[in-house]
2 protein chains.
Amino acid sequence: MEFIINQAEWSKAVSEVSRAVSGKATNPILTGIKIEAKQNSLNLVGSNNDMVIEKLISTSEKLEIIHTGSIVVSAKHLNELIKKLPNDMHVMLEDNLSVKIKSNEIITTLSGFDAGEYPVLPEIDHSDGFQLTSEELKNIVKHTVFATSKNETKPVLTGVHFTLQNNSLICVATNSQRLSFIKHSLHTDLNESFILPSITLSEVGKLYNGYSSEIDVFIKKSTIVFKSSNLAVYSKLIDGKYPSTSSLIPEESKTTLIVNTKDLLNAIYRASIFASESRNNNVKIQLYDDSKIIVSSNSSSIGQIEETMKVKHVSGDKELSITFDGNYMKDALVIIDQEEIMLCFNGSFKPIVLIPRGKTSNIQLISPVRA
Amino acid sequence: MEFIINQAEWSKAVSEVSRAVSGKATNPILTGIKIEAKQNSLNLVGSNNDMVIEKLISTSEKLEIIHTGSIVVSAKHLNELIKKLPNDMHVMLEDNLSVKIKSNEIITTLSGFDAGEYPVLPEIDHSDGFQLTSEELKNIVKHTVFATSKNETKPVLTGVHFTLQNNSLICVATNSQRLSFIKHSLHTDLNESFILPSITLSEVGKLYNGYSSEIDVFIKKSTIVFKSSNLAVYSKLIDGKYPSTSSLIPEESKTTLIVNTKDLLNAIYRASIFASESRNNNVKIQLYDDSKIIVSSNSSSIGQIEETMKVKHVSGDKELSITFDGNYMKDALVIIDQEEIMLCFNGSFKPIVLIPRGKTSNIQLISPVRA
């Protein structure tokens, strides 16, 4: 293996595939990146037990392949070294277990592993798939990842549930106390659902951030692949049955309010200061005087806050008092771009429904807590 | 106590005095800030067992005192709350143990402590003192704090040694393996030395960053005060005898090199990647061919690096090979603004002396390590 490569190009690619590599992998070869020089490209692979990232750099004025071949070297050290090298690099296999990298007057040797021992990539059937833009992907990440469960006792809830049907993609995340739902229209014949680990979804969102073409997505049994011309991310899916959530979103509501999103968010921020020592970050909303709400919280040790806020519109039952987790409300409001939000209530013991005004493709639920 | 105050003004002051407050103080009242409304000013005090910060806001269009009085309230909650309040605040004592803060339609009450129970500030004799500009203070922080010891077994080495004599201030920090020395000219009749905790010095540097007048410094037995018109920082000094360091800086050297600071720093960064698994981050410099140095490092598990660098000037003995801790060399070089640096050697077993070219007011020493 021997090639000459541009510093910036290689540094970016190595840092991308490194995102899948953990320094604490039990199998030492997985702490490395597989570098494979082919006739017309350099392929880099980084992986852990759940995810594989593969990057391809085609030959150009930035990459010249002199001899084909392959090796696996430590992701951490390769990453640090390339970032600090000043110029084009001349990379040569010394033997199967070490590689020489020269840049100007700097000569380095990195120890490695035999590439023959690196796990083989999963095979992918390119028939069953759909396409997403990076903008859609980013939107899915933003509306779902935060709402997944951090608790491993119900593994399915640590992932995001994707459902493809009737030319639409529905993504749902919940931790049982709050739920976030987002729907996209897309062209697909698939009728399928699967649970994607939230960590994979985050990584895919970052890796394809700003990518200008469509991203192909293929699913086969327990594996998913996100794929563009020079980048592929393979991930295991989470096994298990996701709870049915479609019936959770009520068709009607007893009381509906429309408020300014940012004003409510600021009120929740303030109230949360006083809620921080209660078990569920208890914050209370009460309808008052038919056209205002009072956002309040109190703690015997910290003190209390009571804030009166104008409501743009009220309809339905004017009796309303509900207590919820202030942190969940912050998380829900912070992702909303719309200036106004619709809050739907069905009494003190039923979930609050949040719908950004003029954007029903995103719905969120927050369960009340005991006052 | 009752006053009306501008949000930005109060938020800045509370966040400044909070720097001395720890959430984990064993004495609960020290988790708070003392707020004292006087006839013509609002005084804020935050403290821990070693340091006190006092801030004064004078009455102006940004502060109106209605009634004098005082209370102590949680630094953490006051800080968070004020940052999130939208406008001028009306602050009123409810009783000795709680304060009401109103801003627009937002009414909050914070629980507190009786200000009578807050520790009294140390008294200061305003005769024995000297003055520093914020620029000088910043320079002292930059050249000393990093070089102090993080190990509490020799408490004096966790501080910075200040010596006032012959109209100069000399500050020294060392952890026994490396030393940094900086000298300032100033007008003083004092002949005195003391050891300032490095954490106080850092905080003082941050608090006075950008301050345009001179800062008064007073010393009295075991206490030091940094003081401007509206800010004072009191600190305990470290008790004990600082080791004599003046004899450590050699008058002569066997070999002297002049090199580009940034080039050497980059070479050390790269070499340190390979040194990270050795006990002392071993990096080696060898003089080569009378006009070049080789910077190298190697590790059986990671690999090796060897880099040839031009030297601007060499004088003295041309035989040189020395191994040192790459991290100490990085720390030493990173604070040097001068384009070129003079490296003085007295053989492989004597400390390396670093002097920024054209700036002898700062000298650093790095002990060699076993190759």
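Fair warning: this is a prediction, and the values are worked out from it, not measured in the lab.

Calculation rules
Residues numbered from 1 in each chain as written. Chains lettered and ligands numbered in written order. Predicted model: local features only at pLDDT ≥ 70, side-chain atom pairs only at ≥ 80, totals over all residues. Heavy atoms only, no water. Pairing = 2+ DSSP bridges. Helix = DSSP H or I, 4+ residues; strand = E, 2+ residues; numbered from the N terminus. Axes fitted to C-alpha atoms, helices over the stretch in contact; angles between N-to-C directions. Core = buried A, V, L, I, M, F, W, Y, C linked by side-chain atoms within 4.5 Å. Buried < 20%, exposed > 50% of the residue type's maximum accessible area, 1.4 Å probe, protein only. Contact = heavy atoms within 4.5 Å. Least-squares fit on C-alpha atoms with pLDDT ≥ 70 in both. Buried area = accessible area lost by both parts, 1.4 Å probe. Salt bridge = Lys/Arg side-chain N within 4 Å of Asp/Glu carboxyl O. Polar contact = N/O pair within 3.5 Å; in protein donor to acceptor, adjacent residues only side chain to side chain. UniProt positions renumbered as here; feature names shortened; annotations may be inferred. 1 Å grid on protein atoms, 1.4 Å probe; cavity = no way out; pocket = protein on both sides within 12 Å on 5 of 7 lines; lining within 4 Å. Points joined across faces, edges and corners; volume = space filled by probe spheres on them. Nonpolar A, V, L, I, M, F, W, Y, C, P; charged D, E, K, R; others polar. Domains from an automatic or database assignment.

1. So, the sheet that holds strand S13 (residues 178-185) of chain B
All names here are of chain B. One open sheet holds the nine strands; their spatial order is S14-S11-S12-S13-S26-S25-S24-S18-S22, and the pairing between them is antiparallel. The sheet terminates laterally at strand S14 (192-197) and strand S22 (313-316), the two strands that pair on one side only. In this sheet, neighbouring strand axes are inclined to one another by 20° on average, regardless of whether the strands run parallel or antiparallel. Relative to S14, strand S11 (residues 159-165) runs antiparallel, the two being bridged by six bridges. Residue histidine 161 lies in a different strand from S14, and its bridge partner there is isoleucine 195.

2. Quick notes on the nonpolar core
Membership of the largest hydrophobic core comes to 196 residues, with the highest contact counts inside it found for Phe3, Trp10 and Ile35 of chain A together with Phe3, Trp10 and Ile35 of chain B. With residues near it in sequence (within four places) discarded, tryptophan 10 of chain B still touches Phe3, Ile5, Ile35, Leu42, Leu44, Ile57, Leu78, Ile82, Met89, Val91 and Ile101 of chain B.

3. Some details on the side chain of asparagine 281 of chain B
Within the secondary structure, asparagine 281 of chain B sits in the loop between helix H5 (261-275) and strand S19 (282-288). Those residues in contact with asparagine 281 of chain B, other than ones at most four positions away along the chain, are Ala275, Ser276, Phe324, Asp325, Gly326 and Asn327 of chain B.

4. What about the relation of the copies chain B and chain A?
The operation relating chain B to chain A is a screw motion whose rotation component is 180°, with 0.0 Å of axial translation and a residual RMSD of 0.0 Å. Both copies of the chain, as the preceding transformation shows, are related through a two-fold rotation axis. When each C-alpha of chain B is compared by its distance to the rotation axis, lysine 24 of chain B comes out closest, at 16 Å.

5. Quick notes on the interface of chain B and chain A
Counting from both sides, the interface comprises 28 residues of chain B and, opposite them, 28 residues of chain A. Taken over both partners, the interface formed by chain B and chain A buries close to 2400 Å², and the fraction arising from carbon and sulfur atoms is 58%. Contact with chain A buries area across many residues of chain B, yet Lys84, Arg270 and Ile273 of chain B alone supply 23% of it, more than any other trio. Counting every contact that joins chain B to chain A gives zero salt bridges. Between chain B and chain A we count 12 residue pairs in polar contact (both at pLDDT 80 or more) in total. Counting only elements with at least two residues in the side of chain B that touches chain A, the list comes to helix H2 (75-84), strand S9 (106-113), H5 and strand S21 (303-310) of chain B.

6. With respect to the environment of tyrosine 242 of chain B
Residues and elements named next belong to chain B. Checked against the element boundaries, tyrosine 242 lands in the loop between strand S17 (231-236) and strand S18 (255-260). According to the relative accessible area criterion, tyrosine 242 is buried, its value standing at 6%. Taking the C-alpha atoms as reference points, tyrosine 242 and histidine 161, separated by 81 residues in sequence, lie 7.0 Å from one another. With near-sequence residues (within four places) excluded, tyrosine 242 lies in contact with Val156, Leu157, Gly159, His161, Val172, Ala173, Thr174 and Ile195. For tyrosine 242, the side chain forms a polar contact with the main-chain nitrogen of threonine 174, separated by 3.3 Å.

7. Some points on the UniProt feature "domain: DNA polymerase III beta sliding clamp central" (unreviewed entry) in chain A
Per the UniProt entry, the sites bearing "domain: DNA polymerase III beta sliding clamp central" (unreviewed entry) are residues 131-243 of chain A in this numbering. As annotated, residues 131-243 of chain A has a helix share of 19% and a strand share of 42%, and its two end C-alpha atoms lie 26 Å apart.

8. Examining the UniProt feature "domain: DNA polymerase III beta sliding clamp C-terminal" (unreviewed entry) in chain A
Following the UniProt record, the feature "domain: DNA polymerase III beta sliding clamp C-terminal" (unreviewed entry) maps to residues 247-370 of chain A here. Taken end to end, residues 247-370 of chain A comprises 19% helix and 44% strand; its first and last C-alpha atoms sit 23 Å apart.

9. Regarding the sheet that holds strand S25 (residues 352-356) of chain A
Residues and elements named next belong to chain A. The antiparallel open sheet is built from nine strands, whose spatial order is S14-S11-S12-S13-S26-S25-S24-S18-S22. This sheet does not close on itself; its edge strands, each paired only once, are strand S14 (192-197) and strand S22 (313-316). Across this sheet, the average inter-strand angle for adjacent strands is 20°, counted without regard to direction. Where strand S11 (residues 159-165) and strand S12 (residues 168-174) come together, five bridges link them in antiparallel fashion. Following the sheet pairing, leucine 164 is matched in S12 by leucine 169. On the sheet, helix H4 (residues 198-207) packs against S11 and S14 and is oriented at approximately 85° with respect to S14.

10. Regarding the pairing of strand S12 (residues 168-174) of chain B
Residues and elements named next belong to chain B. Within S12, seven of the seven residues are buried, leaving the element largely enclosed by the surrounding structure. Turn length for the S11-S12 hairpin, with the two strands adjacent in sequence and antiparallel, is two residues, and the turn residue asparagine 166 shows positive phi of about 50°. Where S12 and S13 come together, seven bridges link them in antiparallel fashion. Residue pairing across strands places alanine 173 opposite serine 180, the latter belonging to S13.

11. A few points about the layout of surface pockets
Residues and elements named next belong to chain A. In this structure, the largest pocket encloses a volume near 440 Å³. Forming the boundary of the largest pocket are 21 residues, of which Ile170, Phe181, Thr245, Ser246 and Ile249 lie nearest the centre. The set of elements that each furnish at least two residues to the lining of the largest pocket consists of S11, S12 and S25. Across the lining of the largest pocket, the residue classes break down as 11 nonpolar, seven polar and three charged. Domain assignment of the residues forming the lining of the largest pocket places at least three in each of domain 2 (130-246) and domain 3 (251-366). Each pocket or cavity is described by its volume, and for the second largest pocket that value is around 370 Å³. What lines the second largest pocket is a set of 19 residues, and nearest its centre among them are Thr31, Ser74, Ala75, Lys76 and His77. Every element with two or more residues in the lining of the second largest pocket is listed here: helix H2 (75-84) and strand S9 (106-113). When grouped by side-chain class, the residues that make up the lining of the second largest pocket number six nonpolar, 10 polar and three charged.

12. A few points about the environment of valine 369 of chain A
All names here are of chain A. Considering the arrangement of structural elements, one finds valine 369 in the segment after strand S26 (362-366). The partly exposed category is assigned to valine 369, whose relative accessible area is 21%. Each C-alpha atom of the pair valine 369 and serine 272 lies 14 Å from the other, and the pair is 97 residues apart in sequence. Sequence-distant contacts of valine 369, that is, excluding residues within four places in its chain, are made with Asn280, Asn282, Thr323, Phe324 and Asp325.

13. Concerning the domain arrangement of chain A
All names here are of chain A. Annotation of chain A at the domain level lists domain 1 (2-117), domain 2 (130-246) and domain 3 (251-366). With centres defined by C-alpha atoms, the gap from domain 2 to domain 3 works out at 28 Å. Across the contact, 11 residues belong to domain 2 and 12 residues belong to domain 3. In this assembly, domain 2 packs against domain 3 so that about 1100 Å² is buried in total across both faces, 50% of it on carbon and sulfur atoms. The interface formed by domain 2 and domain 3 holds nine residue pairs in polar contact (both at pLDDT 80 or more) in total.

14. Thoughts on the pairing of strand S24 (residues 340-345) of chain B
Residue and element names in this part refer to chain B. Among the six residues that make up S24, five are buried, leaving the element largely enclosed by the rest of the structure. Pairing analysis gives six bridges linking S18 to S24, with the strands arranged antiparallel. Across the sheet, residue isoleucine 258 finds its bridge partner in S24, namely methionine 342. Two elements, S24 and strand S25 (residues 352-356), share four bridges in a ladder whose sense is antiparallel. Bridge pairing links methionine 342 to isoleucine 355 in S25. Between S24 and S25, which pair antiparallel one after the other, the connecting turn spans six residues, and glycine 347 there sits at a positive phi close to 95°.

15. Details of unusual backbone geometry
With phi around 65°, aspartate 290 of chain A is a residue other than glycine that occupies positive phi space. As for its placement among the helices and strands, aspartate 290 of chain A is situated in the loop between strand S19 (282-288) and strand S20 (292-299). Positive phi values are uncommon outside glycine, yet asparagine 166 of chain B reaches one of about 50°. If you trace the backbone, asparagine 166 of chain B turns up in the loop between S11 and S12.

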